[in-house]
Amino acid sequence: MVKKVRHVMGISGGKDSAALAIYMKDNYPELDIEYYTADTGKELKETYQLINNLEVYLGKKILRLRAYDDSPENPFDHKLKSLSGFLPNPQHRWCTKSLKLDVFEEFVGNDPVVSYVGIRGDESRDGYISSKGTIQSIFPFRQNIWSQEINKFVLDNNKIGLTLQLADQLIPVEKLERFKELLSFKTFDELFTMEQKLLQLLNLSTSGYNALVHEMLKTSRYPLAKENHFPLINNEEVLLLDDIFDLLEKSGVGIPAYYKDIEFEVDGQKATYNRSRSGCYFCFFQQKIEWIWLYEQHPDMFAKAMEYERDDFMWNMEESLAQLIQPERVKAIKLDYIKRKTRIEKSKKSNKLRDILADDAEVDLACASCFI
């Protein structure tokens, strides 16, 4: 018996995944999407509130997945104890793997699954892609809705003959000649890369390329091979950061409260700060200004985060939380943040915290499973 393809979407509690859920409900109501969230037991209260608000809008339950569900402890503490108190860090992200990715793969089992991911059109990454061949990721906010793996499968130089045949059936006549010309070019890293070929095909006809991909997938074992119709083939929208906030506001779900700008003053200089992402309140990917935000806006949670630290394990590799909140250190962190923010504003770039912190390499290492 052929298994039915499941359509699933993870809700992290962040802006992008929440906006994607709204977008899919509004634009593709025919898709029976299963919504889930992987709960570590250590999220911000604002995150849980956003998930509750989203359930109301969707009119559908968001399934709470919890690792070690038979344990009397919350998932994070259970795993931490099993590791003798070894805290996660950028080099050892056991929290993401054990508490989010593993529970997701257990949730879907061996069923064929299409997983919708809220990576925006102004982001150049695929995020988490499961190694299981039964799980296929789709990115509705991007011009290129397909994963890198799928594009490589379709644009393989050995498949040019087949793609040319399919183009005759799928591409509008007025674009067919140029489309086939592009398909005919073999890709080579030094001369004509796959990324260049893909971009030109998409710019010529996004829906045409999508239709070609779907037909090619029918020759494969990917989940969408089992679907005769896939409504996102005709999707040519590209959503950016401002579109995400607009979706959240207009829907009534609202922007997660931790994104709200809060004013502070130091040495007569005023600025605003917030949190740039969802995830556990003690996430090691937080930047120092975000730890100060947590300390000043959620002192109870900051105190709990401090309790996890030991002489040999700290959330920040450079200093303990106790050191970080010393008055002179707080002042220095805020002044450095203001300096960076001023530099960004002078260059007329975004003054969003996420972009201000982009100078720090760790930001882009964060796992999409936690933060989208």
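Shown above is the structure to which this text applies.
Just so we're clear, the structure is a prediction, and the values are computed from it rather than from any experiment. (Residues numbered from 1 in each chain as written. Predicted model: local features only at pLDDT ≥ 70, side-chain atom pairs only at ≥ 80, totals over all residues. Heavy atoms only, no water.)

(A) Quick look at the overall build of the protein chain. A count of helical and extended segments in the protein chain gives 16 helices and seven strands. A compact globule built from 372 residues would reach a C-alpha radius of gyration of about 21 Å, and the protein chain, at 23 Å, matches this within 12%. Expressed as lengths along the three principal axes of its C-alpha atoms, the size of the protein chain is roughly 70 × 55 × 40 Å. Across the 372 residues that make up the protein chain, the buried fraction comes to 54%. (Helix = DSSP H or I, 4+ residues; strand = E, 2+ residues; numbered from the N terminus. Rg over C-alpha atoms; globule rule 2.2 N^0.38 Å. Buried < 20%, exposed > 50% of the residue type's maximum accessible area, 1.4 Å probe, protein only.)

(B) Region of interest: the pairing of strand E6 (residues 262-266). Of the pairings in the sheet, the one linking E6 to strand E7 (residues 269-273) comprises five bridges and is antiparallel in character. Bridge assignment links phenylalanine 264 to a residue of E7, and that residue is alanine 271. As consecutive antiparallel partners, E6 and E7 are separated by two residues, and within that stretch aspartate 267 has a phi angle of approximately 50°, a positive value. (Pairing = 2+ DSSP bridges.)

(C) Quick peek at the environment of threonine 272. Of note, threonine 272 is situated in strand E7. In the structure, threonine 272 is positioned 62 residues away from lysine 334 in sequence and 9.9 Å away in space, judged by C-alpha atoms. Filtering out sequence-adjacent residues up to four positions away, threonine 272 remains in contact with Asp261, Ile262, Glu263, Phe264, Tyr337 and Lys341. (Contact = heavy atoms within 4.5 Å.)

(D) Structural detail: helix H4 (residues 94-108). Counted at 1.5 Å a residue, the expected span for H4 with its 15 residues is 21 Å, and the 20 Å between its end C-alpha atoms agrees. At leucine 101, H4 shows its maximal bend, which comes to roughly 30°. Summarising burial for H4: eleven of the 15 residues are buried, a large majority. When H4 is considered as a whole, its buried residues turn out to be Trp94, Cys95, Thr96, Ser98, Leu99, Lys100, Leu101, Val103, Phe104, Phe107 and Val108. At the C-terminal side of H4, glycine 109 shows a positive phi close to 60°. (Expected span 1.5 Å × (residues − 1). Bend = angle between axes of the 7 residues up to and from the residue.)

(E) Just the sheet that holds strand E1 (residues 6-10), in detail. Sheet architecture is open: five strands sit in the order E3-E2-E1-E4-E5, paired in parallel fashion. Each having just a single partner strand, strand E3 (62-65) and strand E5 (135-138) make up the two edges of the open sheet. On average, each strand axis in the sheet is tilted by 30° relative to the strand beside it, whichever way the strands run. Across four bridges, the pairing between strand E4 (residues 113-116) and E5 is parallel. Bridge assignment links serine 115 to a residue of E5, and that residue is serine 137. (Axes fitted to C-alpha atoms, helices over the stretch in contact; angles between N-to-C directions.)

(F) Spatial organisation of the packing of aromatic side chains. Evaluation of the coordinates by the stated rule reveals 23 aromatic pairs. Seen from their ring centres, tyrosine 36 and phenylalanine 104 are 5.3 Å apart, and the 20° between their planes marks the pair as stacked. Pair noted here: tyrosine 36 is in strand E2 (residues 33-38) and phenylalanine 104 is in helix H4, with a separation of 68 residues, a long-range link. Taken as a pair, tyrosine 36 and phenylalanine 104 share a single burial class, namely buried. An angle of 45° between the planes, with centres 4.7 Å apart, marks the rings of tyrosine 258 and tyrosine 259 as tilted. (Phe/Tyr/Trp six-rings, centres within 6.5 Å; stacked < 30°, edge-to-face > 60°.)

(G) Molecular detail of the packing of helix H1 (residues 15-27) against helix H10 (residues 241-251). Relative orientation of the contacting elements H1 and H10 amounts to 65°, with a least axis distance of 9 Å. In terms of crossing hand, the pair formed by H1 and H10 is left-handed. Of H10, the residues touching H1 (which contributes Lys15, Asp16, Ala18, Ala19, Ile22 and Tyr23) are Leu241, Ile244, Phe245, Leu247, Leu248 and Ser251. By residue class, the composition of the contact of H1 with H10 is nine nonpolar, one polar and two charged. (Left-handed = near helix turned anticlockwise from the far one by under 90°. Nonpolar A, V, L, I, M, F, W, Y, C, P; charged D, E, K, R; others polar.)

(H) A look at the packing of helix H3 (residues 75-82) against H4. It is at 11 Å that the axes of H3 and H4 come closest, and there the two elements cross at 130°. Judged by the angle between their axes, H3 and H4 are oblique. The chirality of how H3 crosses H4 is right-handed. Residues Pro75, Phe76, Lys79 and Leu80 of H3 form the contact with H4, whose participating residues are Trp94, Cys95, Ser98 and Leu99. By residue class, the composition of the contact of H3 with H4 is six nonpolar, one polar and one charged. (Parallel < 35°, antiparallel > 145°, perpendicular 65-115°, else oblique.)

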